[in-house]
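Remarks on the overall topology
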Amino acid sequence: MAEAEGRVRMGGRTLPLARLREHASDYAALFSRAKAEVGHAECLCQNPTLRLVIRCSRAGRYHLAGWPGDGERHEAACPFHKLAPGLSGREAYSAEAIREGDNGVSIRLDTVLARSLAEPPVAKTSGEHQEGGRARRTVGLLGLLHWLWEESQLTAWHPRWRRRNWWICHARLCEQIEGCSINQDPASTALHIVPPFHPDTAERTTAAFEAFKARLGRHGLKEHRGLMLGEIKTVTPTQYGVRFALAHQRAPLYASTALHQRVVRSYRSAFAEAADAQDARRVGLFLVELSPKGHLNIVDMAAMLVNRLYIPADSSHEVAMGNALAASGRAFVKPVRYDGTDAVFPDFVLTDVAPHAYVEVYGIRGRESYEQRKSVKQAYYQRRGAHLIEWEVAEPMPDLSLPGVGRPRRHAEGVGSGGRPTPG
């Protein structure tokens with residue numbers, strides 16, 4: 001059963017969303033007519049229905065997107081559901097960084113993907129950090145990774161979906177980059193998302209990877225780099241640095257020891273051994289370049305810890321909580337910070353109750369700054385009368401079952417609008 005469910009109405013026809021996503025080219029005429037005559041499609045998850053944006057990429061491929069500002073109005077299991085804007089790190093960016101239009105989304109990455117060999121190297125573009133409260137004008141690698149995950153609804157879980165694996169993640173991510181550009185290049189060209197391995201598609205997968213590599217390196221007077229996204233399988237030392245092996249891909253990526261050490265310091269939770277005990281996974285977004293010998297070298301990267309359902313987590317304790325929420329049959333979303341490291345959000349938002357409830361995981365004891373931040377958050381929830389589930393990790397996991405519903409006896413293998421609390 002496909003994770004994405006729902007039905008939409010477009011051009012007078014009611015169709016399963018999954019069919020439109022998987023066979024968009026078969027419905028090109030219907031997309032075109034609805035865009036010209038009505039201007040939008042409709043999501044049927046609510047009554048009255050909610051509008052959907054009809055987008056057409058430069059390549060002439062159509063897809064649907066949520067109507068701006070309507071995300072939290074969609075039903076929790078709807079593929080177009082989003083949390084309130086105040087619960088996403090995306091709010092830290094200006095329109096220059098992430099620009100949405102009829103033809104898709106344009107992202108201004110803070111690193112150069114194509115460098116002119118006739119000019120000196122250019123440093124990262126300005127706007128890497130906020131200054132004086134101003135919005136960021138570019139997106140970093142972690143911000144891009146979080147945007148992809150959030151827009152693909154991979155930060156959310158609903159028990160109706162039953163399962164999630166890399167095949168589902170890959171399909172949702174590839175759909176999201178359709179019609180998207182990164183530094184003015186089509187995202188489908190700039191970004192290679194490692195596809196799930198299957199013997200029947202192995203030849204096509206290899207050809208796509210070789211085509212991606214062929215675009216890298218020197219072409220004319222420009223040096224081209226690329227982006228790769230995949231699940232990190234192993235990281236092992238080599239004579240010159242470290243070797244990253246990605247799940248579903250034979251060709252490894254290589255990084256210097258200095259880069260690896262910096263990445264481990266920056267993404268400590270993603271590489272912590274404690275996460276392994278919770279059946280955690282690691283996802284990486286890599287900026288790569290082609291070596292003279294044809295290997296892929298990592299220039300920079302962002303890493304993200306996720307649970308077994310690929311829900312992001314900021315610690316091994318959050319991995320455990322995400323797994324437990326899914327096992328308890330809860331629907332929930334994990335807010336992500338993007339590049340805003342100082343942003344403070346609930347650890348999880350429970351979307352199966354109205355108004356939404358919140359989950360906080362307290363994994364540090366005795367640190368004064370942490371205790372002060374914890375007290376501020378607790379007072380915030382109390383002032384607003386928000387329902388809050390708290391877990392001190394030294395104590396047993398609290399009861400997570402939906403109010404009025406007992407814990408489910410079992411759950412499928414492979415197993416997330418209210419107010420806008422932004423505590424702190």
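1. Focus on the layout of surface pockets
Considering only enclosed or pocket space, the second largest pocket measures out at about 1,300 Å³ in volume. Together, 42 residues line the second largest pocket, and His170, Ala171, Cys174, Glu175 and Glu178 are the ones closest to its centre. Elements that contribute at least two residues to the lining of the second largest pocket include exactly α1 (17–22), α2 (28–37), β5 (62–66), α4 (166–177), α5 (187–190), β12 (191–193) and α6 (202–214). Grouping the amino acids of the lining of the second largest pocket by side-chain chemistry returns 23 nonpolar, 10 polar and nine charged.

2. A look at helix α7 (residues 257–266)
Taken as a whole, α7 has its buried residues at Leu259, His260 and Val263. On an axial view of α7, the arc spanned by its buried residues comes to 100°, and they lie on one face. Facing away from the buried side of α7 by over 90 degrees, the exposed positions are Ala258 and Arg265. Check the buried side of α7 and you find it contacts β15 (226–237), β16 (241–246), β17 (253–256) and β19 (296–306).

3. A word on the nonpolar core
One finds Leu144, Trp149, Leu227, Met228, Leu229, Phe244 and Phe286 to be the most contacted residues of the largest nonpolar core, which totals 64 residues. Once residues lying within four places of it in the same chain are set aside, the contact partners of Phe286 are Gly226, Leu227, Met228, Ile232, Phe244, Leu246, Leu253, Ile298, Asp300 and Met301. Core analysis: the second largest hydrophobic core is formed by 29 residues, Ala324, Ala326, Phe348 and Leu388 among them.

4. Section: the confidence of the model for the chain
Here the chain averages 86 in pLDDT, while 90% of its residues score no lower than 70. Confidence over residues 125–132 falls short of pLDDT 50; this stretch has 16 contacts with residues more than four positions distant or in other chains. Note on residues 408–424: pLDDT is under 50 here. Beyond four places in sequence and across chains, it has 54 contacts.

About the criteria used
Residues numbered from 1 in each chain as written. Predicted model: local features only at pLDDT ≥ 70, side-chain atom pairs only at ≥ 80, totals over all residues. Heavy atoms only, no water. 1 Å grid on protein atoms, 1.4 Å probe; cavity = no way out; pocket = protein on both sides within 12 Å on 5 of 7 lines; lining within 4 Å. Points joined across faces, edges and corners; volume = space filled by probe spheres on them. Helix = DSSP H or I, 4+ residues; strand = E, 2+ residues; numbered from the N terminus. Nonpolar A, V, L, I, M, F, W, Y, C, P; charged D, E, K, R; others polar. Buried < 20%, exposed > 50% of the residue type's maximum accessible area, 1.4 Å probe, protein only. Arc of directions from axis to C-beta. Contact = heavy atoms within 4.5 Å. Core = buried A, V, L, I, M, F, W, Y, C linked by side-chain atoms within 4.5 Å. pLDDT = per-residue confidence, 0-100.

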